[in-house]
Amino acid sequence: MTRRWAFLLMFSLMLALSATWLQAAEGNKLAVVNARLIDGTGAPPIEQSTVLIQDGHILAVGAAADVQVPGDASLFDAKGRTVVPGLIDAHYHMNYPNTREQPFVLDESLCSFRASYHLRRHLLGGITTILD
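Residues numbered from 1 in each chain as written. Predicted model: local features only at pLDDT ≥ 70, side-chain atom pairs only at ≥ 80, totals over all residues. Heavy atoms only, no water.

Chemist: It is not clear to me how the overall build of the protein should be interpreted in this structure. Could you clarify?
Modeler: The helix and strand inventory of the protein stands at three helices and seven strands. Going from the N terminus to the C terminus, the protein shows its helices and strands as α-α-β-β-β-β-β-β-α-β. By the burial criterion, 22% of the 132 residues in the protein qualify as buried. For the protein, restricting intrachain contacts to residue pairs at least 6 apart in sequence, the fraction spanning at least 24 positions comes to 56%. Accessible surface for the protein amounts to roughly 9400 Å². Of this, 60% is attributable to carbon and sulfur atoms. (Helix = DSSP H or I, 4+ residues; strand = E, 2+ residues; numbered from the N terminus. Buried < 20%, exposed > 50% of the residue type's maximum accessible area, 1.4 Å probe, protein only. Contact = heavy atoms within 4.5 Å. Areas by Shrake-Rupley, 256 points an atom, 1.4 Å probe, with all protein chains shown as cover.)

Shown next as structure tokens:
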């Protein structure tokens, strides 16, 4: 029974985290505009950028003047925010015990709740991949 609840919890978490991308995944176009863009190549940041997304895929990225936004695209104004490629945390212990006694009281359902908390914090910080 606890494995089933753990699975349902993790499945629900994945749905909740992907909710912001559903609009782009359903064939609609989403344009993230006015963000600072760091592309990870070592080039200087682009202060006024546009990222065009359709069907869950990035179609175009660049300076606002270089990326044409289609008229049917939904706009997300990201002024004051920074867009970066997904970051990787290659060494993380999601359910590492805080105290010596904790390994004896953690079960699968508690581990799932704890993991969902840590995964959300990482995702909000731009980390899209974790190796546990």
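Chemist: It is not clear to me how the nonpolar core should be interpreted in this structure. Could you clarify?
Modeler: Most often, soluble globular proteins have nonpolar side chains that are buried together. Formed by Leu30, Val32, Ala35, Val51, Ile53 and Ala78, the largest nonpolar core amounts to six residues. Among the elements that make up this core, the one with the highest residue count is strand β1 (residues 29–37) (three residues). When sequence neighbours within four positions are dropped, the list of residues in contact with alanine 78 reads Val32, Val33, Asn34 and Ala35. Grouped together as the second largest cluster of nonpolar side chains are five residues, Ala31, Leu52, Val67 and Ala73 included. (Core = buried A, V, L, I, M, F, W, Y, C linked by side-chain atoms within 4.5 Å.)

Chemist: I keep staring at the side chain of lysine 29 and nothing clicks. Help me out?
Modeler: Along the chain, the position of lysine 29 falls in strand β1. Ignoring any residue separated from it by four or fewer positions in sequence, one finds lysine 29 in contact with Ile53, Gln54, Pro70, Asp72, Ala73 and Ser74.

Chemist: Just checking my understanding: could you explain helix α3 (residues 108–124) for this structure?
Modeler: Owing to its 3.6 residues per turn, the α-helix aligns residues three or four sequence positions apart on the same side. With 17 residues, α3 should reach 24 Å at 1.5 Å per residue; the first-to-last C-alpha distance of 24 Å fits that figure. Positive backbone phi, at 95°, marks glycine 126, one or two positions downstream of α3. (Expected span 1.5 Å × (residues − 1).)

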